[in-house]
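# Close look at the chain arrangement
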Amino acid sequence: MWGGGKLSYIGGRFLGVLGPGCRSSQAKRPHLTSSAVYSKNQLSWTLEIKPGVFNEYRTMWFKSYRMTFSCLNKMNSYRYPWTRLYSTSQNTVDNSEVKTFLALAHKWWDEQGVYGPLHSMNDLRVPFIRDNLLKTLPNHQPGKPLSGMKILDVGCGGGLLTEPLGRLGASVTGIDPVDENIKTAQCHKSFDPVLDQRIEYRACALEEIVEDTAETFDAVVASEVVEHVLDLETFLQYCCQVLKPGGSLFITTINKTQLSYALGIVFSEQIAGIVPKGTHTWEKFVSPEKLESILEPNGLSVQTVAGMLYNPFSGYWHWSENTSLNYAAHAVKSRVQEHPVPAEFVLKGETEQLRANAYASPRMHEEMKK
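None of these values were measured; they are calculated from a predicted model.

Under the criterion given, the structure shown has seven salt bridges. The residue Glu163 makes a salt bridge to Arg167 at a minimum N-O spacing of 3.3 Å. Taken as a pair, Glu163 and Arg167 lie in helix 4 (residues 162-167) at a separation of four residues, close to a single helical turn. Among the ionic pairs, Lys183 bridges to Glu180, the shortest N-O distance being 3.5 Å. Here the residue Lys183 and the residue Glu180 both occupy positions in helix 5 (residues 179-189), the gap between them amounting to three residues, near one helical turn. On the basis of relative accessibility, which here comes to 35%, the residue Glu180 falls in the partly exposed class. Residues participating in the shared-partner salt-bridge network are Asp179, Glu180 and Lys183.

In structure tokens, the structure reads:
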């Protein structure tokens with residue numbers, strides 16, 4: 001055990017014990033007494049400890065720090081009341097994906113570049129969205145069939161799909177977590193005064209606007225996006241939350257099959273170079289069955305699933321019954337009855353209706369008297 005001496009603490013560190021050496025561990029421990037001497041500048045202090053009490057002070061020192069760390073942990077885990085419900089624990093953005101698209105942000109409107117297949121895909125996906133939305137509209141204006149509809153384009157990139165939807169008359173909000181993508185999109189739409197009024201771009205993730213835009217949009221479009229998100233189930237839940245009852249969700253993505261790995265990654269990325277290497281991760285591909293299994297519990301009913309095939313030699317897309325590669329899906333959010341009728345009133349109404357029908361028929365009237 002330490003002998004009598006002084007334990008020096010200067011500048012935040014213990015320098016050692018000054019004074020006599022060691023005593024036998026069998027020595028009797030004296031009564032605990034200590035005193036602290038502070039220097040004038042208060043930058044150092046010396047703790048005088050009587051013989052045999054260092055272990056007690058060391059125990060007290062560790063206990064005090066243990067309590068301090070415990071309090072800090074509680075403070076870190078505490079959620080302040082003004083913190084948004086949708087925080088980092090429910091983040092859908094994959095930072096590695098952001099880096100990939102950040103490097104390509106200036107190439108969105110090059111129809112002969114890496115995004116050429118997405119330009120060509122508009123020949124299928126724009127009519128797919130338009131025609132399914134028109135089924136819900138009793139009337140529409142010629143030339144502006146989607147006039148009056150509010151659409152959210154999630155992962156809009158440079159606005160390749162956002163602009164055609166705006167030209168159809170819709171009010172479109174395009175969001176993307178890559179700030180450079182949004183700058184490219186805003187710059188491109190500024191050349192068209194009509195689009196400048198119909199389209200709004202925001203550099204943000206979907207979870208950042210869910211709280212403020214709940215049940216706001218007539219349609220949500222996530223084209224070539226779900227295979228890049230960090231948490232698919234959370235992402236689709238957010239899509240459902242921002243949709244109005246009866247609203248439509250449109251998704252185009254890649255099926256998770258052996259064929260999609262061979263053609264979508266090995267051929268397209270590594271051999272032909274149609275898309276840059278590392279753009280896709282096969283483990284993130286989603287089958288139509290998996291997609292439907294997530295959508296249905298969230299109140300979204302899948303209406304249509306159609307296969308899409310891309311010809312790399314012609315540069316065109318066409319519809320196909322085969323969904324083993326790319327496919328488009330359309331789902332509709334169920335309409336919630338705002339004022340459900342209690343069961344007793346339903347039974348009462350049915351009884352009164354039967355009684356009215358009975359009195360309308362003389363024969364039934366006589367039978368009911370019996």
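With that settled, the discussion passes to unusual backbone geometry. In this model, Glu215 sits at a positive phi of 50°, which is unusual for a non-glycine residue. Relative to the assigned elements, Glu215 resides in the loop between strand 7 (199-203) and strand 8 (217-223). Although it is not a glycine, Glu224 adopts a positive phi angle of roughly 60°. Tracing the chain through its elements places Glu224 in the loop between strand 8 and helix 7 (232-242). On the basis of relative accessibility, which here comes to 15%, the residue Glu224 falls in the buried class.

Moving on: the environment of Gly307. Within the secondary structure, Gly307 sits in strand 10 (residues 300-311). Separated by 55 residues in the primary sequence, Gly307 and Thr252 have C-alpha atoms spaced 9.6 Å apart. Not counting chain neighbours up to four residues away, the residues in contact with Gly307 comprise His318, Trp319, Ser320, Asn322, Thr323, Asn326 and Tyr327.

Moving on, we come to the packing of aromatic side chains. According to the stated counting rule, one finds five aromatic pairs in the structure shown. For the pair Phe128 and Trp319, a centre-to-centre distance of 5.5 Å together with 45° between the ring planes defines the contact as tilted. Taken together, the residues Phe128 in helix 3 (residues 116-134) and Trp319 in strand 11 (residues 316-320) connect sequence positions 191 residues apart. For Phe128, a relative accessible area of 10% corresponds to the buried category.

This next bit is on the side chain of Asn132. One can find Asn132 in helix 3. Classification of Asn132 as buried rests on a relative accessible area of 7%. A distance of 3.3 Å separates the side chain of Asn132 from the side chain of His330, its partner in a polar contact. Ignoring any residue separated from it by four or fewer positions in sequence, one finds Asn132 in contact with Phe250, Thr304 and His330.

The rules behind these values
Residues numbered from 1 in each chain as written. Predicted model: local features only at pLDDT ≥ 70, side-chain atom pairs only at ≥ 80, totals over all residues. Heavy atoms only, no water. Salt bridge = Lys/Arg side-chain N within 4 Å of Asp/Glu carboxyl O. Helix = DSSP H or I, 4+ residues; strand = E, 2+ residues; numbered from the N terminus. Buried < 20%, exposed > 50% of the residue type's maximum accessible area, 1.4 Å probe, protein only. Contact = heavy atoms within 4.5 Å. Phe/Tyr/Trp six-rings, centres within 6.5 Å; stacked < 30°, edge-to-face > 60°. Polar contact = N/O pair within 3.5 Å; in protein donor to acceptor, adjacent residues only side chain to side chain.

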